[in-house]
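Chain by chain, the residues run as shown.
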Amino acid sequence: MKILAFKPKLFSTLKNYSKETFTADLMAGIIVGIVALPLAIAFGIASGVSPEKGIITAIIAGFIISLLGGSKVQIGGPTGAFIVIIYGIIQQYGEAGLIVATLMAGVILVLLGIFKLGAVIKFIPYPIIVGFTSGIAVTIFTTQIADIFGLNFGDEKVPGDFIGKWLIYFRHFDPVNRCDTGVSIISVVIIAITPKFSKKVPGSLIAIIVVTIAVYLMKVYGGIDCIDTIGDRFTINSELPDAVVPSLNWEATVADGVIGDRHDSNTELIAQGAANIITPLFGGIPATGAIARTMTNINNGGKTPVAGIIHAVVLLLILLFLMPLAQYIPMACLAGVLVIVSYNMSGWRTFKALLKNPKSDVTVLLITFFLTIIFDLTIAIEVGLIIACVLFMKRVMETTKISVITNEIDPNSELDIAVHEEHLSIPKGVEVYEINGPYFFGIATQFEEVMAQLGDRPAVRIIRMRKVPFIDSTGIHNLSNLCRMSQKEKTTIVLSGVNEKVHNVLRKSGFYELLGEENICPNINVALERAKEIIGEN
């Protein structure tokens, strides 16, 4: 098997690159770079690091993911989904621990890509994805309550867990800084109404520019200084830091559907892994593909990974020459931006629609959602997957039926077309069992229970397996035991209609040596003839 198939999209798209394509990429890259600015700052601060680290992540990770990635239009950088995880790691292990964790995650991603495990995401049920995404949205909103209402906790440290945060909020909810609350509300309103008159310029950028200028003027000319800004809390460093290798203490597919193209998930994993290995060396935080910025890239005409590279260059220029201006951005305005981010991430309409689905899906959805909020994302996904697997097996067990036919078989009732064939009579001393569904450990004992209920000992038992898509070791074990038990009771087992996949599994297991090749029949007609021969021999 060929393991490594690393094919970055950039190099294949440059083969037929044109001036028109570059112009489209240039415009898209500039716009995406501007869009990414407020989000990178907001995600950095919300994650518990300084604002420039969010931008550094967007620059370095965005460049590497576009350079080495398997998608034409993917834009990489810090995302809202990582806020909760990053904040929790920093709270427990500090920024040094975050660097180590990010490096390890990067190595794991590269290995997943090398061993072609990029499609493993398809095995995660949709309710789990919606559940933890909505849970993250609620958690992000919770982290912004303090900045929205301008709460002052004194020397008390804000806990990292959901319940702890709300307990400290309630203890310090009086007094509320009305200026901060007003700034947040105005920011949310601006972001919400911007799409009505501007499709290309993002509302978050307009809100930050308008609100920052307004707050600056009020502070300088109106003497209003009750609104905290980034500069009041952080010292901004407007340069790209040198790479530093940490000292380790070991004790301590949205875009594809829009553009009609297919990305290489394994190459994308390697690219994102490389980004998460290199970015933390410069003080950055974990990064991945960002849906909002990717969609902005597509909607503004981005054609190739060049647009993503240009977006990184734009952010670098902003960091070097305009970053000092970021100190005037109000914290309450960034909180407003993240409120909209959490609202969009919540997918409440999808969440509401899933509540109308089968109870098993609703159970997985709600458990994943509440575990994400109350505990953390890792526990939520682990428990959600286990419950989803158990409920899936239960559903398969419920759909797998074992029936007994003792008189005659009506071929017309088994097809969706009328064939007007004569009924097949079952000889005396013969029982026909039909297994409809997979024969695995979940239902393997069902067969024995059905036989125990009948309590008789026919000369021949025909087992129809035409509707058995697969069989596992437990199923083979039970069939072998049934065959041995039947031989002791002078009953012959005949299999009918075994499909090729199950046929190969049974042959490799040695079951056919126990049963006898002559008792393996391609269809029920042949099986009934074989049964008559066995009865005649007896």
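Anything mentioned here points back to the structure above.
Position numbers for residues count from 1 along each chain, tracking the sequence in the order it is written. Totals for whole chains, interfaces and linings use all residues, but because this is a predicted model, local features are given only for residues with pLDDT of at least 70 and pairs of side-chain atoms are given and counted only at 80 or more. The basis for the side-chain values is all heavy atoms of the structure; hydrogens and waters are excluded.

A.B. asks: Help me understand the overall build of the protein chain in this model?
C.D. replies: For the purposes of this entry, the term helix denotes a DSSP run of H or I that reaches at least four residues, the term strand denotes a run of E that reaches at least two, and both are numbered from the N terminus. Helix and strand counts for the protein chain stand at 23 helices and nine strands. Taken against the 2.2 N^0.38 rule, which gives 24 Å for 538 residues, the C-alpha radius of gyration of the protein chain at 31 Å runs more than 25% over that of a compact globule. Taking the principal axes of its C-alpha atoms as reference, the protein chain extends roughly 110 × 60 × 55 Å. Any residue under 20% of the maximum accessible area for its type is buried, any over 50% is exposed, and the rest in between are partly exposed; the area is computed with a 1.4 Å probe on protein chains only. Put simply, the protein chain has 538 residues, and 48% of those count as buried. In these tables, accessible area is a Shrake-Rupley quantity obtained with a 1.4 Å probe, and a residue counts as shielded only by the protein chains included in the view. Carbon together with sulfur atoms contributes 63% to the accessible area of the protein chain, which is approximately 27,000 Å² in total. Only C-alpha atoms enter the radius of gyration; for comparison, a globular chain is expected to reach 2.2 Å times N to the power 0.38, where N is the number of residues.

A.B. asks: So what exactly am I meant to see when it comes to the side chain of Glu434 here?
C.D. replies: Relative to the helices and strands, Glu434 is located in strand 6 (residues 430-436). By relative accessible area, Glu434 is classed as buried at 8%. Between N or O atoms, a polar contact is any pair within 3.5 Å; within protein, one atom must be a potential hydrogen donor and the other a potential acceptor, and residues adjacent in sequence are included only when both atoms are from side chains. A distance of 3.5 Å separates polar atoms of two side chains, one belonging to Glu434 and the other to Arg464. Contact partners of Glu434, with chain neighbours within four places excluded, come to Lys401, Ile402, Ser403, Arg464, Arg466 and Lys467. Whether two residues are in contact is decided by their heavy atoms, any of which lying within 4.5 Å being enough.

A.B. asks: Looking at this structure, how should I read the packing of aromatic side chains?
C.D. replies: The relative placement of two aromatic rings is captured by the distance of their centres and the angle of their planes. Working definition: a ring pair exists when centres of Phe, Tyr or Trp rings (six-membered ring for Trp) sit within 6.5 Å. Plane angles under 30 degrees give stacked, over 60 give edge-to-face, the rest tilted. The tally for this structure, following the rule as stated, stands at 10 aromatic pairs. Geometrically, the ring pair formed by Tyr216 and Tyr328 is edge-to-face, given 5.3 Å between the ring centres and 75° between the ring planes. We classify Tyr328 as partly exposed; its relative accessible area is 35%. The rings of Phe153, Phe162, Trp166, Tyr169 and Phe170 are connected pair by pair, giving a single aromatic cluster.

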